[in-house]
Amino acid sequence: MSREPIISSDDAFEPDEPSGYTPLGREDDQVLRPQRMEDMVGQREVYERLMIAVDAARIRQETLGHILLDGPPGLGKTTFATCIPRALDVPLQIASGAALSAPKDLLPYLTNAQEGSVLFIDEIHRLPKAVEEFMYPAMEDFRIDITLGEGVSARTVNMALRPFTIIGATTRSGLLSAPLRDRFQVREHLDFYSHEELTEITRRNARKLRVEIDDEAALKIAICSRGTPRITNNRLRWVRDYATTKAAGKITLPVAEAALGMLGVDPLGLDPQDRKYMETILRVFHGGPAGVEAIAHTLNLAVDTLTDEVEPFLLRSELVVRTPRGRKLTAKGYEHLGVSPDAVINGGRPRRGNDDSDRPLFAE
Ligand SMILES: Nc1ncnc2c1ncn2[C@@H]1O[C@H](COP(=O)(O)OP(=O)(O)OP(=O)(O)O)[C@@H](O)[C@H]1O
Ligand SMILES: [Mg+2]
């Protein structure tokens with residue numbers, strides 16, 4: 001089997017390389033992304049199961065079964081998908097479901113796939129039906145049917161492929177058709193990270209960015225990260241910038257609090273967009289239930305942005321619930337906005353006759 005990695009393992013970042021070079025801007029993304037499976041923090045059960053599958057494939061010198069990773073954005077789907085081929089020491093090709101509009105777009109990836117290699121298809125729920133159906137025999141039997149010519153002279157040629165692994169990633173596993181979903185031998189759901197896990201990610205990444213950070217400050221950044229490592233990294237970079245300009249480079253708790261306060265991040269880690277979403281349900285829809293399209297239109301946001309990026313963490317935090325009739329604030333949601341559910345009638349104004357009728361619904 002020919003196994004030349006496209007991503008070589010020697011571009012892995014060495015945290016203690018003595019160059020004194022401090023990476024800046026977008027390069028940080030690559031620096032902060034774990035390069036090996038062992039560097040991944042959290043998702044322990046998913047990690048253990050994937051490692052068993054990877055080790056078994058390696059020991060038996062077999063091709064790894066297809067893997068589907070789903071979960072909200074920024075939780076590590078792409079990171080797992082790039083670490084797995086490294087662990088197997090096999091090449092990786094990367095494609096996006098949105099860019100594969102016809103079977104011919106997928107063809108080069110399939111024919112280029114070396115034996116045992118990995119083809120990562122991001123946003124796999126965006127594959128058109130025709131491409132999906134074209135993939136079925138490729139995934140199951142490692143062969144494809146290609147139609148040559150048109151009309152009466154058209155004929156179908158059956159072409160064999162080298163056995164390879166597809167890793168699919170999606171934020172919307174519900175949109176995947178059952179036949180496609182069933183062709184993945186391993187299906188893993190990534191969930192939000194705990195504060196402890198995000199604290200560990202903050203500490204490790206502060207070392208990589210060569211910035212000093214207190215334990216309380218690391219915990220504060222973790223709590224303010226909406227359970228999401230990508231947000232942890234963004235918050236850490238912002239707090240580092242703030243510390244560089246305002247606090248001689250060291251991240252202490254007051255520095256982290258001041259920097260996060262400037263971003264409008266509240267004690268639960270919600271950002272202004274999260275609060276605007278909750279306030280819209282409260283003010284415009286009287287606490288709900290409200291349809292997601294109506295909320296999205298009011299906020300001038302795409303429905304996908306709401307359902308994929310904003311809602312999962314708020315649902316998970318039990319600030320909002322999804323009911324058959326739409327989204328509703330929970331008691332915890334009202335409490336977080338500093339409003340009593342009883343106050344929300346008559347178009348969001350306090351109850352008539354209430355002594356506090358001039359009291360604003362939102363604490364200023
Ligand atoms: N388990 C982890 N340990 C440490 N850092 C992580 C972990 N998972 C993710 N990260 C960090 O979070 C960033 C975002 O992760 P990643 O790109 O893998 O998310 P994703 O699930 O693919 O998101 P999207 O759905 O938006 O594509 C990574 O660059 C990495 O730095
Ligand atoms: Mg990704």
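All values derive from a computational prediction rather than experimental measurement.

## Considerations on the site of ligand 1
Here comes step 1: If you check the shell around ligand 1, you find 21 residues, and the closest are P73, G76, K77, T78 and T79.
Here comes step 2: Contributions of two or more residues to the shell around ligand 1 are made by helix 1 (27-32), helix 3 (77-88) and helix 9 (229-246).
Here comes step 3: In the shell around ligand 1, the residues fall into nine nonpolar, eight polar and four charged.
Here comes step 4: Two domains each put at least three residues into the shell around ligand 1: domain 1 (9-189) and domain 2 (195-262).

## Section: the packing of helix 7 (residues 195-208) against helix 9
Here comes step 1: Here helix 7 crosses helix 9 at 45°, and the two axes come no closer than 10 Å. As the angle between them shows, helix 7 and helix 9 are arranged oblique. For the pair helix 7 and helix 9, the sense of crossing is right-handed. Of helix 9, the residues touching helix 7 (which contributes L198, I201, T202, N205 and A206) are P229, T232, N233 and L236.
Here comes step 2: Grouping the constituent residues of the contact of helix 7 with helix 9 by class yields five nonpolar, four polar and no charged.

## Overview of the UniProt feature "binding site: ATP" (unreviewed entry) in the protein chain
Here comes step 1: If you check UniProt for "binding site: ATP" (unreviewed entry), the listed places come out as L32, R33, G74, K77, T78, T79, E140, D141, F142, R183, Y193 and R230 in our numbering. Over a stretch of 199 residues, the named residues are scattered through the fold, their C-alpha atoms separated by up to 37.6 Å.
Here comes step 2: Inspection of the secondary structure puts G74 in the loop between strand 1 (67-70) and helix 3.
Here comes step 3: Accessibility expressed as a C-beta count within 10 Å gives 23 for G74, which makes it buried.
Here comes step 4: Apart from the residues lying within four places of it in its own chain, the contact partners of G74 are T228, P229, R230 and I231.
Here comes step 5: By the element assignment, R230 lies in helix 9.

## So, the UniProt feature "binding site: Mg(2+)" (unreviewed entry) in the protein chain
Here comes step 1: Following the UniProt record, one finds the feature "binding site: Mg(2+)" (unreviewed entry) at T78.
Here comes step 2: Tracing the chain through its elements places T78 in helix 3.
Here comes step 3: Excluding its chain neighbours within four sequence positions, the residues that come into contact with T78 are D122 and A169.

## A few points about the domain arrangement of the protein chain
Here comes step 1: Each assigned domain of the protein chain is listed here: domain 1 (9-189), domain 2 (195-262) and domain 3 (272-343).
Here comes step 2: Taking only C-alpha atoms into account, the centre of domain 1 sits 34 Å from that of domain 3.

Rules and cut-offs
Residues numbered from 1 in each chain as written. Chains lettered and ligands numbered in written order. Predicted model: local features only at pLDDT ≥ 70, side-chain atom pairs only at ≥ 80, totals over all residues. Near = placed C-beta within 6 Å. Helix = DSSP H or I, 4+ residues; strand = E, 2+ residues; numbered from the N terminus. Nonpolar A, V, L, I, M, F, W, Y, C, P; charged D, E, K, R; others polar. Domains from an automatic or database assignment. Axes fitted to C-alpha atoms, helices over the stretch in contact; angles between N-to-C directions. Parallel < 35°, antiparallel > 145°, perpendicular 65-115°, else oblique. Left-handed = near helix turned anticlockwise from the far one by under 90°. Contact = placed C-beta atoms within 7 Å. UniProt positions renumbered as here; feature names shortened; annotations may be inferred. Buried ≥ 20, exposed ≤ 12 C-beta atoms within 10 Å, placed from the backbone.

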